[in-house]
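The primary structure of each chain is shown beneath.
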Amino acid sequence: MKIINIDRQISIPVYKQIVESIETAIMEKRLFRNDKLPSVNKICIEYQISRDTVFMAYEVLKKKGIIKAIPSKGYYIKTEDFNYDKRYFLLLDELNIFKEDLLNSFLDGLNNKVQVDTFFYHFDLGMFRKLILDNIGNYSKYIILPANLQGVEDIIRQLPEEDVYILDQMRDSLQNYSGIYQNFTEDIFNALKSSLSLLEKYQHYILIFPGNKEPIDMVNGFVKFCKAYKKKYSIISGLEKHTLKKGQVFLIPNDRQLVETVEKCRAKKLKTGKDVGIISYNETPLKKVVENGITTLSTDFSAMGKRLSEIVLKNEKILIENPSKLYLRGSL
């Protein structure tokens, strides 16, 4: 059964003719999932073309997710469904309400033009490495949220730089890639600076920073503000060994510790917004109504997802800061 047809009399590049031949064979039910394709050498000899031409064709098919390469065995049909011209690899740390907003907005912005396969590594470097290395060459774009993982640079470097987009958490070692991110250092500094008149009634500024998931730039922004305005400050991992007192104001990235702080304020009969101040990270509808409103510092994740879809669809080579906003409420 002849799978590949090449016509040297037409202007279509040979590698594209190979791609179209294999796609046609699949659509006509002459090739099926897990069928083995002719080897690169076999095609080169039969059609008198270069290895680079065949490799280029197979690389296109791999990026479309139509074929897969098995080391030492050859190339095989991966799927019979290739209605999408492009496939994107999206790697997130975890799924929460904020990432869900980002993901939904990103998918809406793509408007069904692209298939997106979403993966989660749950802050596990080994899983991060496996998911990326197992999918090299299978997608046209790779969108990666590296979180605070150390050692991701060498892993990401295995991918074509022009196909990689960094999402949400940026660092100096990744700034050669395109993407959209939060500037935690400047966002926290500017938010605290803008609310100085409300903060003056508090004498002790406290960042609750477990450090397991949160970006270190939160610490940098908090310390930068406290030193610039000569504020007494502490950075603690949790409230277990901390004595809650009147005159303290908390910046709390983690919602579990937000709940714990509110509960301890109630237990000690300390009124939030008067005796103790609270600034939470990331806006949710519930924070508008809890304790007469929780002040939040948050980026717009929906806007981030929409802008990301525009960047990737247009193949823009750009690095953008997604702005954050302070939502002032009763807790401050």
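Residues numbered from 1 in each chain as written. Predicted model: local features only at pLDDT ≥ 70, side-chain atom pairs only at ≥ 80, totals over all residues. Heavy atoms only, no water.

(A) Expanded view of empty space enclosed by the protein. For the structure shown, the criterion picks out 1 cavity of 30 Å³ or more. By volume, the largest cavity amounts to about 50 Å³. For the largest cavity, the full set of lining residues is Leu 192, Tyr 205, Ile 206, Phe 222, Val 249, Phe 250, Leu 251 and Ile 279. Residue assignment for the lining of the largest cavity shows that the elements contributing at least two residues are strand 8 (204-208) and strand 10 (248-252). Per-element tally for the lining of the largest cavity: the top contributor is strand 10, with 3 residues. When grouped by side-chain class, the residues that make up the lining of the largest cavity number 8 nonpolar, no polar and no charged. (1 Å grid on protein atoms, 1.4 Å probe; cavity = no way out; pocket = protein on both sides within 12 Å on 5 of 7 lines; lining within 4 Å. Points joined across faces, edges and corners; volume = space filled by probe spheres on them. Helix = DSSP H or I, 4+ residues; strand = E, 2+ residues; numbered from the N terminus. Nonpolar A, V, L, I, M, F, W, Y, C, P; charged D, E, K, R; others polar.)

(B) Inspection of the packing of helix 2 (residues 40-47) against helix 3 (residues 51-63) at higher detail. Between helix 2 and helix 3, the least distance of the axes is 9 Å, while the angle of their chain directions is 125 degrees. On the basis of the axis angle, helix 2 is oblique to helix 3. You can see that helix 2 and helix 3 cross each other, and the crossing is right-handed. Of helix 3, the residues touching helix 2 (which contributes Val 40, Asn 41, Ile 43 and Cys 44) are Arg 51, Val 54, Phe 55 and Tyr 58. Residues belonging to the contact of helix 2 with helix 3 are distributed by class as follows: 6 nonpolar, 1 polar and 1 charged. (Axes fitted to C-alpha atoms, helices over the stretch in contact; angles between N-to-C directions. Parallel < 35°, antiparallel > 145°, perpendicular 65-115°, else oblique. Left-handed = near helix turned anticlockwise from the far one by under 90°. Contact = heavy atoms within 4.5 Å.)

(C) Representation of the packing of aromatic side chains. All chains considered together, the criterion is met by 14 aromatic pairs. The interplanar angle of 50 degrees and the centroid separation of 5.4 Å between the aromatic rings of Phe 89 and Tyr 142 together place this pair among those described as tilted. With a gap of 53 residues between them, Phe 89 in strand 3 (residues 87-92) and Tyr 142 in strand 5 (residues 141-144) connect regions that are remote in the sequence. Accessibility expressed as a relative area gives 0% for Phe 89, which makes it buried. What makes Tyr 142 buried here is its relative accessible area of 1%. Plain terms: the ring middles of Phe 184 and Tyr 281 are 6.1 Å apart, the flat faces sit at 40 degrees to each other, and that makes the pair tilted. (Phe/Tyr/Trp six-rings, centres within 6.5 Å; stacked < 30°, edge-to-face > 60°. Buried < 20%, exposed > 50% of the residue type's maximum accessible area, 1.4 Å probe, protein only.)

(D) Region of the structure containing the sheet that holds strand 13 (residues 319-321). The strand order 4-3-5-6-7-13 describes an open sheet built from 6 strands, whose pairing is parallel. Both outer strands of the open sheet, strand 4 (115-120) and strand 13, are each paired with one neighbouring strand and no more. Strand-to-strand twist across the sheet, computed as the mean angle between neighbouring axes with direction ignored, equals 15 degrees. In this sheet, strand 6 (residues 164-169) lies alongside strand 5 in parallel orientation, the contact comprising 3 bridges. Paired with Ile 144 across the bridge in strand 6 is Ile 166. Relative to strand 3, helix 5 (residues 125-133) is tilted by about 175 degrees, and along the sheet it contacts strand 3, strand 4 and strand 5. Taken strand by strand, helix 11 (residues 301-313) contacts strand 3, strand 5, strand 6, strand 7 (178-182) and strand 13, and its axis lies near 170 degrees from that of strand 7. (Pairing = 2+ DSSP bridges.)

(E) Focus on the pattern of salt bridges. Inspection of the entire model under this criterion finds 21 salt bridges. A salt bridge links Arg 30 to Glu 28; the shortest N-O distance between them is 3.0 Å. Here Arg 30 falls in the partly exposed class, since its relative accessible area comes to 23%. Among the residues examined, Glu 28 registers a relative accessible area of 49% and is labelled partly exposed. With a shortest N-O distance of 3.9 Å, Lys 246 and Asp 275 are connected by a salt bridge. Placement of the pair is Lys 246 in the loop between strand 9 (232-236) and strand 10 and Asp 275 in the loop between helix 10 (255-267) and strand 11 (277-281), with a sequence separation of 29 residues. A relative accessible area of 61% places Lys 246 in the exposed class. Classification of Asp 275 by relative accessible area gives buried; the value is 12%. Overlapping salt bridges bring together Lys 63, Lys 141 and Asp 163 as one network. (Salt bridge = Lys/Arg side-chain N within 4 Å of Asp/Glu carboxyl O.)

(F) Seen up close, the nonpolar core. Phe 128, Ile 132, Ile 143, Ile 144, Ile 156 and Leu 167 are the most contacted members of the largest nonpolar core, which has 43 residues in total. Among the elements of the structure, strand 3, helix 4 (97-110), helix 5, strand 5, helix 6 (153-156), strand 6, strand 7 and helix 11 are those that each provide at least two residues to this core. Leaving out residues up to four positions away in the same chain, Ile 143 has contacts with Tyr 88, Phe 89, Leu 90, Leu 91, Phe 106, Tyr 165, Leu 167, Leu 308 and Val 312. Counting residues in hydrophobic clusters, the runner-up holds 24 residues, among them Ile 188, Ala 191, Leu 207 and Leu 297. (Core = buried A, V, L, I, M, F, W, Y, C linked by side-chain atoms within 4.5 Å.)

(G) Layout of the packing of helix 4 against helix 11. Across the interface, helix 4 lies against helix 11 with an axial gap of 7 Å and an inter-helix angle of 35 degrees. With respect to the hand of their crossing, helix 4 and helix 11 are arranged in right-handed fashion. In contact with Phe 98, Asp 101, Leu 102, Ser 105, Phe 106, Gly 109 and Leu 110 of helix 4, helix 11 contributes Phe 301, Ser 302, Met 304, Gly 305, Lys 306, Leu 308, Ser 309 and Leu 313. When its residues are assigned to classes, the contact of helix 4 with helix 11 shows 8 nonpolar, 5 polar and 2 charged.

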